[in-house]
Amino acid sequence: MAAEPPRDGADAIQDAWRRELPGVPVESIGIVTRVWWAAKVFGDQRRRTLAALGVDVATLDLLSTLRRSGPPYRMSPGELAGACMVTRGAITQRVERAVRAGLVERTAVGSGYHARAVTLTEAGGALLDRVVADLLLTEDRLVGHLAPERRELLADLLRELLSGLDGPDPTGQVGD
């Protein structure tokens, strides 16, 4: 079994509120504060890594969503907006930037207004493969101090935590 980690700032905050507001439950501080802190570290590192690779979070989200959709790596703007959890206007801006960069192209899958689609280009797929590989290696190093069984336990606990929270299904990228 892993050694107990040393006390940290969240413990001090929790102790202070327990002292100042006796009877008020403070146990959530130990979870929520640490989740916020971890999210900041992960988000900051993701932004730095992506900046070094020349990709922003919004472009990564767009390209990743298209790639995860499977061949032919094509989605309608409405599907993209839903999957990325952003407005149609935000998707329009993302697509426009990616079209100019040659990463996606606007395509038609029939006729009429609703036949518009966005397709990942070969260049977009190649860039995404390189970026995702580098990003996942970086993020693996961030959690590398945890033994594999602890990583699995943490993933299970976070999945359980998220399943009990109200809000949209978190399917997009963090750090936007």
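Refer to the structure printed above.
Presented here is an overview of the structure given in this document. Just so it is clear, the model here is predicted, and its values are computed rather than measured. (Residues numbered from 1 in each chain as written. Predicted model: local features only at pLDDT ≥ 70, side-chain atom pairs only at ≥ 80, totals over all residues. Heavy atoms only, no water.)

A closer look at unusual backbone geometry
In the segment running from Pro 71 into Pro 72, the intervening peptide bond is cis, with an omega of 10 degrees. Along the chain, Pro 72 turns up in the loop between helix 3 (57–68) and strand 1 (74–75). In this structure, Tyr 73 takes a positive phi of about 55 degrees despite not being glycine. Mapped onto the elements of the fold, Tyr 73 is located in the loop between helix 3 and strand 1. Within the chain, Met 85 stands out as a residue other than glycine whose phi angle is a positive 55 degrees. A relative accessible area of 40% places Met 85 in the partly exposed class. (Helix = DSSP H or I, 4+ residues; strand = E, 2+ residues; numbered from the N terminus. Buried < 20%, exposed > 50% of the residue type's maximum accessible area, 1.4 Å probe, protein only.)

Topic: the nonpolar core
Within the largest apolar cluster, 22 residues are counted, with the highest numbers of intra-cluster contacts made by Leu 60, Leu 62, Leu 63, Leu 66, Leu 80, Val 95 and Val 104. Contributing elements (two or more residues each) for this core: helix 3, helix 4 (77–84), helix 5 (88–100), strand 3 (116–120) and helix 6 (122–142). The element that contributes the greatest number of residues to this core is helix 3, accounting for 5 residues. Once you skip the residues sitting within four places of it in the chain, Leu 62 turns out to touch Leu 80, Cys 84, Arg 94, Val 95, Ala 98 and Val 104. (Core = buried A, V, L, I, M, F, W, Y, C linked by side-chain atoms within 4.5 Å. Contact = heavy atoms within 4.5 Å.)

Observations regarding the packing of helix 3 against helix 5
Angle between the axes and distance between the axes are the two parameters that describe a pair of packed helices. Between helix 3 and helix 5, the least distance of the axes is 10 Å, while the angle of their chain directions is 85 degrees. Relative to helix 5, the element helix 3 lies roughly perpendicular. Packed against helix 3, whose contacting residues are Ala 58, Asp 61 and Leu 62, the element helix 5 presents Arg 94, Val 95, Arg 97 and Ala 98 at the interface. Its residues placed into classes, the contact of helix 3 with helix 5 shows 4 nonpolar, no polar and 3 charged. (Axes fitted to C-alpha atoms, helices over the stretch in contact; angles between N-to-C directions. Parallel < 35°, antiparallel > 145°, perpendicular 65-115°, else oblique. Nonpolar A, V, L, I, M, F, W, Y, C, P; charged D, E, K, R; others polar.)

A look at the pairing of strand 3
Here strand 3 lies mainly inside the structure; 4 of its 5 residues are buried. Pairing between strand 1 and strand 3: 2 bridges, direction antiparallel. Bridging across to strand 3, Arg 74 finds its partner in Thr 119. In this structure, strand 2 (residues 104–108) lies alongside strand 3, joined through 5 bridges in antiparallel fashion. Residue Thr 107 lies in a different strand from strand 3, and its bridge partner there is Ala 117. (Pairing = 2+ DSSP bridges.)

Quick word on helix 3
Under the 1.5 Å per step criterion, the end-to-end length of helix 3 is 16 Å for 12 residues, consistent within 8% with the ideal 16 Å. For helix 3, a buried count of 10 out of 12 residues is recorded, marking the element as mostly surrounded by other parts of the structure. Every buried residue of helix 3 is accounted for by Val 57, Ala 58, Thr 59, Leu 60, Asp 61, Leu 62, Leu 63, Ser 64, Thr 65 and Leu 66. Among the residues trailing helix 3, Gly 70 stands out with phi positive, at a value near 85 degrees. (Expected span 1.5 Å × (residues − 1).)

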